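Letter by letter, the chains look like this.
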Amino acid sequence: MLRFVVRRLLQMVGVLLVLSLLVFVWLRSLPGGPVSALLGERQTEARREALERALGLDQPLPVQYVRFMQRAFQGDFGVSTQVLPGEDALDIFLSRLPATLELSFFALVIAIALGIPLGYLAARRKGTALDTTSVIFSLVGVAVPVFFTAFLLKYFFAVEWNLLPVSGRQSIGLDATRVTGLFVLDGILTREWDAAWDALKHLVLPSLALATIPFAVVFRITRASVLDVLDEDYVRTAEAKGLTAKVIRGRHVLRNAMLPVVTTVGLQVGALLSGAVLTETVFSWRGVGQALAEGFLQKDYPVLQVLIMAAAAIYVLVNLLVDITYALIDPRIRTR
Amino acid sequence: MSDQSPQQTPARTSYADRRKQRLDALARASADEEGGVSLIVSAWRRLRRNPVFLVGLAITITFVVLAVIAPWLAPYDPAARPLLDDIRPQTNPVPGPEPGHPLGGDDKGRDLLSRLLVGSQQTLMVGVLATLFGLLGGVTLGTVAGAFAGWVDSLVMRVVDVMLSIPSLLLAFTIAALASRPSQWTLIIAIATVQVPIFARLLRGSMLGQRASDHVLAARSLGVKPHAIVFRHMLPNALGPVIVQATLVLAVAIIDAAALSFLGLGNPDDRRPEWGQMLGAAQPYLGQEPHLAFYPAACIIVVALGFTLMGESLREALDPKTRR
């Protein structure tokens, strides 16, 4: 088990190193490069050269890369040029991370809490109206662009019917104490119940929008996997032995059917990260995704560097954790 | 089919005759179920009766036919601005429906129906080209990895793993954002690049499966040249899952193109309309004129659903596990 974890950790470091190289080369191979983006309209040849020298961009690429990595290990990824000019890029990421964590966490909870029970029920009642309806719903869910789902939810629940807040993470003017940056948790920790409730109301629509695709995928995998397991000989044996339906469901069907679901949930973190870019933009949710969207549009390279590397690192790390969980559940994986 | 059918066994004795009859009976009995047909034929037999597949196919055919005849169907030139005079920046930024313009106009006074119709062409082009480029790249990498195995395989797969370690849509955003001048082509390339590792992994997996199969071993022992084994024996048999994936990618490509346009990373030139770009352009009017976003979004959803339904039922039909 330890060898498995160590090997996967080493692989992860390798992936991240190669990734850093790719991000570095990509961002520097642009026509015009970062300096054009910095100077924008005020670009002249002399200014350009001066700035390139100041930033060390006149050095050969390998030298630049070594310097870039040295700084990166000290947590210095440069300062933002466009999104929040002058602000440290890493600080932007760290200050925005809680918002995205909170949003993704709720979205994932919704996706799992709806997807697994519904998937199980649909498989148990294959061919019934419930099964067909949920399958169609999950197929449509994947076909709708995330930002359009977000917009529809916002348009109906916030603008037309005025049930929930239109945008943001908390009502303006609400004086809430910050502890972790996760607004709902903050409200609970400080016992400011109104703040927690307010933050929760703001969370409903964005997390629902973000949850659609993970929900559809978790639902379908659960359904397919339960269907597979229901056909297995050991389930028939358990039935023949006269075990109660509850024991068969819990010990024989669900436990075995959950293996592929665990992997899928891990992979959904990717959908959450890219979905966050779109959802946060629609709801003006000040998280990592919105910073990324602004970075893309305004070509803020230092910010993009940090955010893309961090997103990839989170994604790889989560999938490592998933693999370890998987190995814990299923001993066959460890020996491979 | 590699199996000889029992009828062709030469019958010389009465014993052989009886045996032949028994075998024939057996063959007929099993043919009633699923018998001596190829995977593709048996898949088609199941698909023909599958309503999900038929709906997907109908949507897809309608979409393709519309895209082909759009220039003749569209009442106006999608770039012309016949409703320009109706626009009042303060009171009426988007002209509503009126005779001759059933869906009204867009914010620049162009006929919305014409733009939707002609937009199907660009949308289809983005979807098909992105899928095709992704497929080409993936098939090349996957074939190389699966054919050579060993260190070439390891090398290619590590590169693929690194690409897969970034969430795919995020990677597409990044690639599109790197283009100095966004256009239809940067959009297509961004979406295609993201699909390459997925296709590569899929194909490599089934190529490795083919490598170990008996017919490849037979070809090798008969002295068939390596490149012929790869291209005539392994690749055609390994392509199945890749083609199913391509159908699904068509849907993903169209949705992703919309997402890129939404973030402002798409084609800024709107004379030739594209649904994703129309949806992106409708953003400023989301609050007041939601229909401007609703029509292109509905088109995208229906078409993406068509490809998804087709791909999913294809996958199910070709999957031996679900064939019971």
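For the structure, see preceding data.
Residues numbered from 1 in each chain as written. Chains lettered and ligands numbered in written order. Predicted model: local features only at pLDDT ≥ 70, side-chain atom pairs only at ≥ 80, totals over all residues. Heavy atoms only, no water.

**Q** It is not clear to me how the packing of aromatic side chains should be interpreted in this structure. Could you clarify?
**A** Between two aromatic rings, the relevant description is the distance of the centres plus the angle of the planes. Residues and elements named next belong to chain B. Summed over all chains, the structure comprises 13 aromatic pairs over all chains. Relative to Trp-275, the ring of Phe-63 lies with its centre 5.5 Å away and its plane at 40°, an arrangement referred to as tilted. Taken together, the positions of Phe-63 in helix H3 (residues 51–73) and Trp-275 in helix H11 (residues 275–281) put the pair 212 residues apart, joining distant regions of the chain. For Phe-63, a relative accessible area of 4% gives the class buried. (Phe/Tyr/Trp six-rings, centres within 6.5 Å; stacked < 30°, edge-to-face > 60°. Helix = DSSP H or I, 4+ residues; strand = E, 2+ residues; numbered from the N terminus. Buried < 20%, exposed > 50% of the residue type's maximum accessible area, 1.4 Å probe, protein only.)

**Q** Honestly, the interface of chain A and chain B in this entry has me stumped. Any pointers?
**A** Where interface size is quoted, it is often the accessible area lost as the parts come together. Taken together, the contact between chain A and chain B spans 39 residues of the former and 37 residues of the latter. There are one salt bridge connecting chain A and chain B. In this structure, Glu-312 of chain B and Arg-220 of chain A form a salt bridge, with 2.5 Å as the shortest nitrogen-oxygen distance. Linking chain A to chain B there are one residue pair in polar contact (both at pLDDT 80 or more). Where the side of chain A that touches chain B is concerned, the elements lending two or more residues are helix H1 (2–28), helix H6 (129–143), helix H7 (146–160), helix H9 (193–230), helix H11 (245–282), helix H12 (288–298) and helix H13 (301–329) of chain A. (Contact = heavy atoms within 4.5 Å. Salt bridge = Lys/Arg side-chain N within 4 Å of Asp/Glu carboxyl O. Polar contact = N/O pair within 3.5 Å; in protein donor to acceptor, adjacent residues only side chain to side chain.)

**Q** Would you explain the packing of H3 of chain B against helix H12 (residues 291–318) of chain B in this entry?
**A** For any two helices packed against each other, the geometry comes down to the angle between their axes and how far apart the axes lie. All names here are of chain B. Taken N-terminus to C-terminus, the directions of H3 and H12 make an angle of 135°; their axes are 8 Å apart at the nearest point. Taken together, H3 and H12 sit at an angle that is classed as oblique. Between H3 and H12 the crossing geometry is left-handed. Packed against H3, whose contacting residues are Val-52, Phe-53, Val-55, Gly-56, Leu-57, Ile-59, Thr-60 and Phe-63, the element H12 presents Val-302, Val-303, Gly-306, Phe-307, Leu-309, Met-310, Ser-313 and Leu-314 at the interface. Taken together, the residues of the contact of H3 with H12 sort by class into 12 nonpolar, four polar and no charged. (Axes fitted to C-alpha atoms, helices over the stretch in contact; angles between N-to-C directions. Parallel < 35°, antiparallel > 145°, perpendicular 65-115°, else oblique. Left-handed = near helix turned anticlockwise from the far one by under 90°. Nonpolar A, V, L, I, M, F, W, Y, C, P; charged D, E, K, R; others polar.)

**Q** Explanation requested: the side chain of Gln-210 of chain B in the structure shown.
**A** Residues and elements named next belong to chain B. Relative to the elements of secondary structure, Gln-210 occurs in helix H7 (residues 184–211). We classify Gln-210 as buried; its relative accessible area is 14%. Beyond its immediate stretch of four places on either side in the chain, Gln-210 contacts His-215, Val-216, His-233, Met-234, Asn-237 and Ala-238.

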